Amino acid sequence: MTIDVINDFDHNDPAFIRDPHSVYRRLHREQPVPHSDRYGGYWLLTRYTDVRNGLLDWRTFSSGTPGVTSIPTSVKRDFPEIPLEIDPPDHTKYRDIVTPWFSRTSVRKLEPDVRRITNDLIDHFIDDGHADFVQQFALPLVSRVLTVFLGIPEEDAAKLTGWVSDIFQGRLRERDRADRASAELIAYVDETIAARRRSPGEDYFTMLTQATIGGRSLTDLEIRGYGVLTMTAGQETTVNGIGNTLWYLAEHTDDRARLIADATLIPTAVEEFLRFMSPIQLLGRNATCPVEVNGTAIPAGATVAMCYGAANVDGEIFERPEECLIDRRPNPHIAFGTGPHACLGAHLARLEMLVAIEEVLRRLPDYRVDDPSQLQYTPHGDLRGFWSLPVVFGPRRS
Amino acid sequence: MDVEVDRDRCFGYGRCADLVPEAFTLDGDGKSVAGDTRGVDPRRLAMAAWACPMQAIRLLNENGEEVPSP
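Turning next to the overall build of chain B. For chain B, the count of helices and strands is two helices and five strands. From first element to last, N terminus to C terminus, chain B shows the α and β order β-α-β-β-α-β-β. Over its C-alpha atoms chain B spans a radius of gyration of 11 Å, differing by no more than 12% from the 11 Å that the globule rule assigns to 70 residues. Once the C-alpha set of chain B is aligned to its principal axes, its extents read approximately 30 × 20 × 15 Å.

Structural data, given as structure tokens:
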């Protein structure tokens with residue numbers, strides 16, 4: 001399939017999902033702010049400086065509408081996900097409530113759990129000689145870590161995964177499926193809030209029930225906004241980060257050998273994997289007024305996609321932008337965005353990627369992609385990664 | 001040029017320490033700390049302020065007045 005990326009850009013086209021870099025190369029050269037009629041129409045910012053400035057300019061590029069970050073909108077929602085879909089100054093107050101839970105020091109305390117879950121999953125398939133690194137590893141890893149983070153039963157992880165993938169995948173072709181999953185996820189969050197109000201603990205939801213904003217307690221609807229955001233934003237993104245990385249290391253055994261020989265390189269490599277294969281390729285904003293970007297006029301009310309993936313391969317910022325250099329420094333990628341809505345879960349995502357790489361390389365150092373024709377990408381390109389990554393590997397190591 | 005890191009805003013993304021390691025380090029809490037920046041190229045300090053996701057780095061001139069970030 002060939003696509004006219006200048007006049008008919010579509011981030012869900014399989015050709016784009018397979019090879020976004022060649023599309024970005026053309027856009028950077030020929031039209032850095034293209035418009036597409038798809039999904040109700042949207043503009044795309046692709047230059048690093050435009051994306052960076054746009055993300056900082058929250059007055060012009062607003063996040064304050066439910067569903068605005070997803071193109072097309074995922075499900076109809078009449079409440080905002082908090083703090084993602086709130087603009088400053090209120091945003092700052094909402095974000096401050098949860099920031100301590102996502103800090104580097106708080107997240108570091110989860111490392112034993114992340115390692116336990118990672119190894120438990122590897123134990124399950126290591127004797128089989130084969131596994132699907134997304135379905136049997138990245139997905140359950142990320143959802144189980146999320147349950148630990150949120151203080152909800154680890155047995156509920158599979159349910160969360162099902163709802164979130166139904167929401168993101170269903171929004172393209174099966175809206176009913178997405179709406180059903182969303183309703184179930186909301187019901188689950190509401191039940192959890194009610195349970196914590198009845199019997200408080202030391203967990204994330206209890207903290208929210210006890211938090212105050214402007215001298216009053218958070219409402220159930222506000223806490224729902226926090227809960228739904230944490231459960232959706234914290235899953236497929238990190239799954240993509242892990243899946244993309246494990247695919248890359250299967251295909252580039254020289255880099256894999258370097259990381260096996262010197263594990264201290266892994267944190268720097270993680271940043272490069274995030275740049276080179278950004279789990280979030282783009283997120284939407286709403287233009288509140290007419291604005292000109294890089295010579296292109298964007299009207300008020302327009303949907304504008306901030307293309308992290310394109311910004312991260314902008315040759316004006318990065319040398320050899322389309323090469324994955326695992327020791328690249330400095331590396332000012334914006335895979336986690338920037339500005340008021342920069343990713344709160346960044347430290348947790350980094351920790352999960354780090355531990356996943358360390359343990360897979362330690363225990364399955366010779367894994368390889370089984371049959372490239374069995375690789376399956378996500379059906380959408382805004383959150384880009386693998387949905388199925390079947391690998392084979394040799395005899396067990398402890 | 002002097003710099004000031006707003007510790008309340010800093011979230012420890014680590015951009016500054018990666019870009020300008022001669023001026024910024026991350027402390028035990030994972031938050032940015034600026035060292036002695038007088039010998040550091042002001043353009044590099046400005047780059048750290050520019051790249052900070054939280055816009056937590058302020059640039060100060062010799063009179064202690066804030067210099068707008070590029």
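Picking up after the structure, the text goes on.
So, about the overall build of chain A. Along the backbone of chain A there are 16 helices and 14 strands. Taken over the C-alpha trace, chain A has a radius of gyration of 21 Å; the compact-globule value for 398 residues is 21 Å, and the two agree within 12%. Expressed along its principal axes, the backbone C-alpha trace of chain A runs to roughly 60 × 60 × 40 Å. Per-residue burial for chain A yields a buried fraction of 48% across its 398 residues.

Quick look at the interface of chain B and chain A now. On the chain A side, the residues contacting the eleven residues of chain B number 14 residues. If you tally residues by element for the side of chain B that touches chain A, the top one is helix α1 (residues 15-19) of chain B, at three residues. A per-class count over the side of chain B that touches chain A returns five nonpolar, three polar and three charged.

Okay, unusual backbone geometry next. Among all residues except glycine, the phi angle is most often negative; among peptide bonds, the trans geometry is most common. Residues and elements named next belong to chain A. With an omega of 5 degrees, the peptide bond running from Ile82 to Pro83 counts as cis. Looking at the element boundaries, Pro83 is found in the loop between β3 (61-62) and α4 (90-102). Here Arg329 and Pro330 are connected by a cis peptide whose omega angle stands at -5 degrees. With phi around 55 degrees, Tyr39 is a residue other than glycine that occupies positive phi space. By the element assignment, Tyr39 lies in the loop between β1 (35-36) and β2 (42-45). On the neighbour-count criterion, Tyr39 (18 C-beta atoms within 10 Å) is partly exposed. Look at Arg320: it is not a glycine, yet its phi comes out positive at around 45 degrees. Position of Arg320 relative to the elements: it lies in the loop between α15 (308-311) and α16 (346-363).

Attention shifts here to the sheet that holds strand β14 (residues 390-392) of chain A. Residue and element names in this part refer to chain A. The three strands lie next to each other as β4-β14-β11, forming an open sheet whose pairing is antiparallel. In this open sheet, the two edge strands, each paired with only one partner strand, are β4 (130-132) and β11 (368-369). Pairing analysis gives two bridges linking β11 to β14, with the strands arranged antiparallel. Looking across to β14, one finds that Arg368 is bridged to Val392. Set on the sheet, helix α7 (residues 133-150) makes contact with β4 and β14; between it and β4 the angle comes to about 60 degrees.

Now for the pairing of strand β4 (residues 57-60) of chain B. All names here are of chain B. Side chains of β4 alternate between two faces, with Ile57 and Leu59 buried and Arg58 and Leu60 left unburied. Here strand β1 (residues 2-5) pairs with β4 via four bridges, running antiparallel. Bridge pairing in β4 places Val3 opposite Leu59. In this sheet, strand β5 (residues 66-67) lies alongside β4 in antiparallel orientation, the contact comprising two bridges. Residue pairing in the sheet places Leu59 in a bridge with Val67 of β5.

Ala305(A), Met306(A), Cys307(A) and Ala48(B) are the most contacted members of the largest nonpolar core, which has 128 residues in total. Discounting chain neighbours no more than four positions away, the residues touching Met306(A) are Leu45(A), Val51(A), Gly54(A), Leu55(A), Leu282(A), Leu283(A) and Arg285(A).

Glancing now at the packing of helix α8 (residues 157-173) of chain A against helix α9 (residues 175-198) of chain A. All names here are of chain A. Between α8 and α9, whose axes approach to 7 Å, the crossing angle comes to 150 degrees. As summarised for this structure, α8 and α9 are arranged roughly antiparallel, according to the angle between their axes. Considering the relative orientation of α8 and α9, their crossing is left-handed. Two secondary-structure elements touch here, α8 through Trp163, Asp166, Ile167, Gly170 and Arg171 and α9 through Arg175, Arg177, Ala178, Ala181, Ser182, Glu184 and Leu185. Looking at side-chain class alone, the contact of α8 with α9 contains five nonpolar, two polar and five charged residues.

All names here are of chain A. The five strands are arranged β1-β2-β10-β7-β3 in an open sheet whose pairing can be described as mixed. A single partner strand is all that each edge strand has here, and the edge strands are β1 and β3. Bridge count for β3 against strand β7 (residues 283-287) is two bridges, and the pairing is antiparallel. Bridging from a neighbouring strand, Phe61 pairs with Ala287 of β7.

Once that is clear, we can look at the environment of Thr296(A). Residue and element names in this part refer to chain A. In this fold, Thr296 is placed in strand β9 (residues 296-298). Accessibility expressed as a C-beta count within 10 Å gives 16 for Thr296, which makes it partly exposed. Separated by 83 residues in sequence, Thr296 and Pro379 have C-alpha atoms that sit 30 Å apart.

Turning to the packing of helix α6 (residues 111-125) of chain A against α7(A), a few remarks are in order. Residues and elements named next belong to chain A. Look at α6 against α7: their axes get within 10 Å of each other, and the N-to-C directions meet at 145 degrees. In the crossing of α6 with α7, the sense of the turn from one axis to the other is right-handed. Contact residues: α6 offers Asp113, Val114, Ile117, Thr118, Leu121 and Phe125, while α7 offers Gln136, Phe137, Pro140, Leu141, Arg144, Val145 and Val148. Looking at the contact of α6 with α7 residue by residue, the class counts come to nine nonpolar, two polar and two charged.

Think of an α-helix as 3.6 residues a turn; residues three or four steps apart then line up on the same face. Residues and elements named next belong to chain A. With 14 residues, helix α11 (residues 220-233) should reach 20 Å at 1.5 Å per residue; the first-to-last C-alpha distance of 20 Å fits that figure. Among the 14 residues that make up α11, eleven are buried, leaving the element largely enclosed by the rest of the structure. Among the residues of α11, those classed as buried are Glu222, Ile223, Arg224, Gly225, Tyr226, Gly227, Val228, Leu229, Thr230, Met231 and Thr232. For α11, the secondary structure elements touched by its buried residues are α4, α7, α8, α9 and α10 (204-210).

Once that is clear, we can look at helix α3 (residues 48-56) of chain A. For α3(A), every residue scored as buried is listed here: Tyr48(A), Asp50(A), Val51(A), Arg52(A), Gly54(A) and Leu55(A). For α3(A), the secondary structure elements touched by its buried residues are β2, β3, β7, β8 (291-293), β10 (303-306) and α15 of chain A.

About the cut-offs
Residues numbered from 1 in each chain as written. Chains lettered and ligands numbered in written order. Predicted model: local features only at pLDDT ≥ 70, side-chain atom pairs only at ≥ 80, totals over all residues. Helix = DSSP H or I, 4+ residues; strand = E, 2+ residues; numbered from the N terminus. Rg over C-alpha atoms; globule rule 2.2 N^0.38 Å. Buried ≥ 20, exposed ≤ 12 C-beta atoms within 10 Å, placed from the backbone. Contact = placed C-beta atoms within 7 Å. Nonpolar A, V, L, I, M, F, W, Y, C, P; charged D, E, K, R; others polar. Pairing = 2+ DSSP bridges. Axes fitted to C-alpha atoms, helices over the stretch in contact; angles between N-to-C directions. Core = buried A, V, L, I, M, F, W, Y, C linked by C-beta atoms within 7 Å. Parallel < 35°, antiparallel > 145°, perpendicular 65-115°, else oblique. Left-handed = near helix turned anticlockwise from the far one by under 90°. Expected span 1.5 Å × (residues − 1).

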